[in-house]
Amino acid sequence: AQSVTQLGSHVSVSEGALVLLRCNYSSSVPPYLFWYVQYPNQGLQLLLKYTSAATLVKGINGFEAEFKKSETSFHLTKPSAHMSDAAEYFCAVTEETGANNLFFGTGTRLTVIP
Amino acid sequence: EAGVAQSPRYKIIEKRQSVAFWCNPISGHATLYWYQQILGQGPKLLIQFQNNGVVDDSQLPKDRFSAERLKGVDSTLKIQPAKLEDSAVYLCASSSTGTSPRFGPGTRLTVL
């Protein structure tokens, strides 16, 4: 069975500061891991995904995430926050076998302070 | 490429009424998903189709929820009768082999 835990339901950062959103996963098989972003009243948009290739994954809008098997983590980072990054961020996991059913975390709401 | 289309975007009903949501996936995507996102929670899979067959409906409350994808393209999700706890955003997503699910804008349901 797969699951993800997102630490911190709300994160606030100043504009220009480092963004760090935490995600830890649990999986009995090698996982595929995802970060999605959700802007108000919109659907989920894929930021990036890990599929057992490079452990450091670069995504859209300057975001990246590093897969750390020893820590069972897949934290999302961005060096410098922009006002437009304010949104809800979801970490998700699925099986490496290719079953695309995603198991989502509870989300982290990012606020960017001017 | 057109995205996943959903309608309506918003729906308000009273408990015990019926409601239906429609989804048109991205052209050529064989897999279609319906997720339920309750306020403050992550999306939870209700049902997954591969073409017009059901792959996983283990989390679908079958006493009140039903879904179909008769021609393997668009899909309808129905709730009959609705309960207060069904208030949520219903997200449709689609994917093809080797691609990540792409999500539609969702339908926000409020049950009064």
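The structure we're discussing is the one just above.
All values reported here derive from a predicted model rather than from experimental measurement.

Focus on the layout of surface pockets
Of the volumes computed, that of the largest pocket is approximately 530 Å³. If you list the elements that add at least two residues to the lining of the largest pocket, you get β10 (87-95) of chain A together with β9 (88-95) and β11 (107-111) of chain B. In terms of residue class, the lining of the largest pocket is made up of eleven nonpolar, 13 polar and four charged.

Describing the interface of chain A and chain B
Facing 16 residues of chain A, the contacting portion of chain B comprises 23 residues. Between chain A and chain B the total buried area reaches about 1,400 Å² when both faces are included, carbon and sulfur atoms providing 46% of it. In this assembly, chain A and chain B are joined by zero salt bridges. One can count five residue pairs in polar contact (both at pLDDT 80 or more) joining chain A with chain B. Looking at the side of chain A that touches chain B, the elements with two or more residues in it are β5 (31-38) and β6 (44-50) of chain A.

Observations regarding the sheet that holds strand β1 (residues 5-7) of chain B
Picture the strands of a sheet paired through backbone hydrogen bonds; they go either parallel or antiparallel. Residues and elements named next belong to chain B. With respect to topology, four strands assemble into an open sheet ordered β1-β3-β8-β7, the strand pairing being antiparallel. Both edges of this open sheet fall to β1 and β7 (65-68), since each of them pairs with a single strand only. Sheet twist, expressed as the mean angle between neighbouring strand axes with direction ignored, is 15°. Looking at chain direction, β1 and strand β3 (residues 19-24) are connected through three bridges and run antiparallel. Opposite Gln6, over in β3, you have Cys23 as the bridge partner.

Looking at unusual backbone geometry
A cis amide bond, omega -10°, links B:Ser7 with the succeeding residue B:Pro8. Tracing the backbone shows B:Pro8 in the loop between β1 and β2 (10-13). Residue B:Pro81 is reached from B:Gln80 by a cis peptide bond, and omega for that bond is -10°. Summarising the element assignment, B:Pro81 is placed in the loop between β8 (75-79) and β9. We note that A:Thr72 has phi near 45°; this positive angle belongs to a residue other than glycine. Counting through the fold element by element, A:Thr72 comes out in the loop between β8 (64-68) and β9 (73-78).

Rules used throughout
Residues numbered from 1 in each chain as written. Chains lettered and ligands numbered in written order. Predicted model: local features only at pLDDT ≥ 70, side-chain atom pairs only at ≥ 80, totals over all residues. Heavy atoms only, no water. 1 Å grid on protein atoms, 1.4 Å probe; cavity = no way out; pocket = protein on both sides within 12 Å on 5 of 7 lines; lining within 4 Å. Points joined across faces, edges and corners; volume = space filled by probe spheres on them. Helix = DSSP H or I, 4+ residues; strand = E, 2+ residues; numbered from the N terminus. Nonpolar A, V, L, I, M, F, W, Y, C, P; charged D, E, K, R; others polar. Contact = heavy atoms within 4.5 Å. Buried area = accessible area lost by both parts, 1.4 Å probe. Salt bridge = Lys/Arg side-chain N within 4 Å of Asp/Glu carboxyl O. Polar contact = N/O pair within 3.5 Å; in protein donor to acceptor, adjacent residues only side chain to side chain. Pairing = 2+ DSSP bridges. Axes fitted to C-alpha atoms, helices over the stretch in contact; angles between N-to-C directions.

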